[in-house]
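Survey of secondary and tertiary structure
Below are the chains, spelled out letter by letter.
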Amino acid sequence: PAGQTGGGFAQEKFSGPFAPTQWGVDGGNIANENTFDLVDTMQWVHGKHSLSFGGQTQWLQDDTVPAMGGSTPLALNFSSSETGQFESGSQTMDKNTGLPFASYMVGAVDSASYTYYAPIAQAVGSRYHPFAFFVNDDYRARPKLTVNMGLRWDYLPPFHETENRWSFLNTELINPVTGTRGALEFAGNIAPGDSCNCATPVRSYLLNFGPRLGIAYELGSKTVIRAAYGVYYTTGGGVNSGPASNLGYSSAPSVSGPGLGLPAFYLNGNKNFTGATTVNGLANDPTNTTFGGAGFAPTEPPVFNPAYGTYYSTNPNPYQLSSTLSYVDPWYGGRAPQFEGWSFGFQRLLTPNITATVSYVGNEAHFVPDGGARGLYSNGLNPVYLSLGKTLSQTAKASNTPGGLPYASFNNTVAQALVPFPQFHGVSDTWGDVSNTTYNALQLTITQRAAHGLTFMLNYTYSRNIGDDGTFRSGYAIPAGVVQGSNKAWAMDRIDRSLSSIDIPQNLTFTSVYDLPFGKGHWGGSNAFVNAVAGGWALSDIFNYVAGNPLELTASGCNSPGQGTCMPSYAPGFTGSARINGGWGHGVTRESMAKTHFINTAAFAVPADFQIGNAARSAPDGLRGPGNYNIDGSLRRSFNLMPNERAKLVIEADVFNAVNHVWFGTTSSNATGHIGETVDTKGSAGLGIISGQANQPRQWQFEAHVNF
């Protein structure tokens, strides 16, 4: 096909022991972005009132040509399996043998894929036209009382594609193949019985009103009390965040090795591997004629076909859909993330130069993207059907499927027959943003303005962040008896409301700058030697401490079809603490680190078949990753280059992580290090094992610059 797949350098990806980093580009596109803003504000001062009002409107344009026209880069994945050995007397590959680079050298491709776009969809033009109006009044009600009142209204429209080049799942539209609800709809097309005929099914929400209220009261000459409340909106989800899908305008050919050490194909039909090779009925293809090689031609994706929209059917259908459809919620897709915040505190002048502020700060967020679940619109299996047990994996028949077959030509399992849209391989609930978070904090700030050469600031926050904005077990209400070891029933998403993964209960920061009291205007200022040697020096530092984030354990090997994230269960009969072997990383060496568990593998287990795990979504048994402290410092010296200090030369030495403290990887880390958080059926070999460092070692930086 055209594009980078046909003529560009492919991605080479590696997995397994001693795997090299990825070669080749991550992707490519041509993008043109335009932003036009029109803002106007007026202010009117009258008596005790200072009134401001105005508005803002934007024209946002984003035109993108995916992958420079036609297709994404070809991804070739190389694994250790193709050059590994079998375990003695078995057909299982020994994971400790084989090298992914060796597989690359012989051209043994473990899997490969790319995405091919139809001609009409090789460009996407995103368009938004948000605008807002506001009015605000600073009212000096009393000599010691100031009130701030305001109201803002935001119009945040949903995504529009300039030529309707996108599509989405219409859950009410009758599928032309199966006769059941749920079919692919293209923007701008009139569907039978659909009165929308619109560029998007998402309704614009018109009630984004944001009131503001602030109060400041002087309590004596040294103390001020402040309180505030406000509602705010931002972009995200279906509001100014890009298209939900281009489904119907692309296809994604892919191929994977059949196992037993066989590759998907040998790159370029490697002549060293000729002839047909068959192992246990699985045929190797050394000539690469089934994917990407000579004679292989991908099928161009259709522009539109009424039959393009079903997968699980015995009906002849040249456009059977095996990828995931995107459901675009007409109501939630138009709701902007909403934040409601409030605070109360006081500020006190402790000395002429030192001020202390103590505040309580709270915040609630609603319609938050990237979390929560709705089983109906993500095509999940209602957990009430888990009681069917092994019947779920049987081929669906009228006799073994509650309610009978969803349609006459259905051809799949009982579990698939019982999902809301059984004709589809999968459905994503795009822009179904139903997550909520709550934040409460006590904040302390002490600052000293420059006095006697010293400036400092101390900030301390004690907080708690709770939400259901992370992983989820099920998108439905969970009936009693389905969660392992519990007879409690749960409302939708309530079982996964817990500490947020970004919850940091304690955060302390201290910064200071100190000009050493030597030289001109200080001690020894009249002495030329003191001025030359000790004058102009300054010290600065930053100290930061953060408590560890909650760990979010997941499991692999769950046998609970149609559910969300596989969550572990607390191991029955286990007593004691899940944390073992002391502080994170305590006593380990480079050799022992990969063998030392800091989480007891006996504390958690994969849930029983057709059951949902009962461990907390975050911080089960109080598990948190390691906290961290960091110290940065700086020493600098200034030299006057011109009279009256009109130009100065500054030389500086900076040190980062001055004490060379190691922070072992956690879920909050943005480095490669992490802590194993997976419970599996094979003894959870990696659970609680540290595999890297989350911060950087000590680093020095030297610099010089001229200020004038």
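Let me sum up the structure you'll find in this document. Predicted model, so just to flag it, every value in this text is computed and none were measured. Every chain begins its residue count from 1, and numbering advances along the sequence as written. The predicted nature of this model means local features are confined to residues of pLDDT at least 70 and side-chain atom pairs, given and counted, to a pLDDT of 80 or more, with totals for whole chains, interfaces and linings taken over all residues. Side-chain metrics in this entry use all non-hydrogen atoms of the structure; hydrogen atoms and water are not considered.

Notes on the overall build of the protein
Looking only at helices and strands, one finds 4 helices and 36 strands in the protein. Working definition: with a 1.4 Å probe on protein chains only, accessible area under 20% of the residue-type maximum means buried, over 50% means exposed, and in between means partly exposed. Looking at the protein residue by residue over its 708 residues, the buried ones come to 41%. Taking contacts inside the protein between residues at least 6 apart in sequence as the whole, the part at least 24 apart equals 71%. For every accessible area listed, the method is Shrake-Rupley and the probe measures 1.4 Å; residues are considered covered only by the protein chains on display. Only carbon and sulfur atoms are counted for the fraction: they give 56% of the accessible area of the protein, which is about 35,600 Å². Secondary structure elements follow DSSP: runs of H or I of four or more residues count as helices, runs of E of two or more count as strands, with numbering from the N terminus. The criterion used for residue contact is that any of the two residues' heavy atoms lie within 4.5 Å.

Here's the deal with the pattern of salt bridges
For this document, the term salt bridge refers to a Lys or Arg side-chain nitrogen within 4 Å of an Asp or Glu carboxyl oxygen. Evaluated as defined, the whole model comprises 8 salt bridges. In this structure, the salt-bridge partner of arginine 152 is aspartate 154, at a minimum N-O distance of 3.1 Å. The network of salt bridges with shared partners includes Asp329, Arg374 and Asp429.

A look at the environment of valine 124
Among the structural elements, valine 124 can be located in strand E8 (residues 124–128). For valine 124 and asparagine 164, which are 40 residues apart along the polypeptide, the C-alpha to C-alpha distance reads 9.0 Å.

Focus on the nonpolar core
Formed by 18 residues in total, the largest nonpolar core has its most connected members in Leu381, Leu386, Leu392, Phe410 and Ile478. Contact partners of phenylalanine 410, with chain neighbours within four places excluded, come to Tyr312, Ala396, Leu405, Gln416, Ala417 and Pro422. To define a nonpolar core, start from buried Ala, Val, Leu, Ile, Met, Phe, Trp, Tyr and Cys residues and group those joined through side-chain atoms within 4.5 Å. Judged by nonpolar contacts, the second largest core, of 17 residues, contains Ala578, Phe598, Phe604 and Val679.

Examining the sheet that holds strand E1 (residues 11–15)
Judged by pairing direction, the sheet is mixed, and its 4 strands sit side by side in the order E1-E4-E6-E17 without closing on themselves. Whereas interior strands pair on both sides, the edge strands pair on one side only; in this sheet they are E1 and strand E17 (254–256). Ignoring which end each strand starts from, the neighbouring axes of this sheet average 15° apart. Two strands qualify as a pair provided DSSP detects at least 2 bridges between them. Sheet topology note: the strand E4 (residues 75–79)/strand E6 (residues 111–113) ladder contains 3 bridges and is antiparallel. Bridge pairing in E6 links asparagine 77 to serine 111. Whenever a helix is involved, its axis is fitted only over the stretch in contact; in every case the axis is a line through C-alpha atoms, and angles between N-to-C directions fall within 0 to 180 degrees.

Some points on unusual backbone geometry
One non-glycine residue, asparagine 379, lies in the positive phi region at around 60°. Mapping asparagine 379 onto the fold places it in the loop between strand E23 (354–368) and helix H3 (414–417). For asparagine 379, a relative accessible area of 9% corresponds to the buried category. Residue alanine 619 is not a glycine yet carries a positive backbone phi of 50°.

Structural notes on the state of the cysteines
For the purposes of this analysis, a disulfide is any pair of cysteine sulfur atoms at a distance within 2.5 Å. Evaluation of the coordinates by the stated rule reveals 1 disulfide. In this model cysteine 558 forms its disulfide with cysteine 566; the gap between the sulfur atoms is 1.9 Å. Taking the sign of the torsion about the S-S bond as the criterion, the disulfide between cysteine 558 and cysteine 566, at about 80°, is right-handed. Its relative accessible area of 25% is what places cysteine 558 among the partly exposed residues.

Focus on the packing of aromatic side chains
A pair of aromatic rings is counted whenever rings of Phe, Tyr or Trp (Trp by its six-membered ring) have centres within 6.5 Å, and the orientation is called stacked for planes under 30 degrees apart, edge-to-face for over 60 and tilted otherwise. Taken as a whole, this structure holds 25 aromatic pairs when the rule is applied. Summarising the aromatic geometry, the rings of phenylalanine 14 and tryptophan 23 are spaced 5.1 Å apart at their centres and angled 65° between planes, so their arrangement reads as edge-to-face. Taking the centre distance of 5.1 Å and the plane angle of 85° together, the rings of tryptophan 23 and tyrosine 104 count as edge-to-face. In this pair, tryptophan 23 sits in the loop between E1 and strand E2 (29–46) while tyrosine 104 sits in helix H2 (residues 100–105), placing the two residues 81 residues apart along the sequence.

Regarding the side chain of threonine 180
Topologically, threonine 180 is positioned in the loop between strand E12 (167–174) and strand E13 (181–186). Under this definition, polar contacts are N or O atom pairs within 3.5 Å; protein pairs additionally need one hydrogen-donor-capable and one acceptor-capable atom, and for neighbouring residues in sequence, both atoms have to be side-chain atoms. Reaching out from threonine 180, the side chain makes a polar contact with the side chain of glutamine 423 at a distance of 3.3 Å. Discounting chain neighbours no more than four positions away, the residues touching threonine 180 are Leu173, Ile174, Asn175, Pro406, Tyr407 and Gln423.

Focus on the environment of alanine 199
Looking at the secondary structure, you find alanine 199 in the loop between E13 and strand E14 (209–218). Here alanine 199 falls in the partly exposed class, since its relative accessible area comes to 24%. Sequence-wise, alanine 199 and asparagine 164 are 35 residues apart; in three dimensions their C-alpha atoms are separated by 5.8 Å. Excluding residues within four positions of it along the chain, alanine 199 makes contact with His160, Asn164, Trp166, Ala187 and Gly188.

Points about the pairing of strand E15 (residues 223–233)
Here E14 runs beside E15; their pairing, made up of 7 bridges, is antiparallel. Bridge pairing in E15 links tyrosine 217 to isoleucine 225. In sequence, E14 turns back onto E15 through a hairpin of 4 residues, with glycine 220 there showing a positive phi of about 85°.

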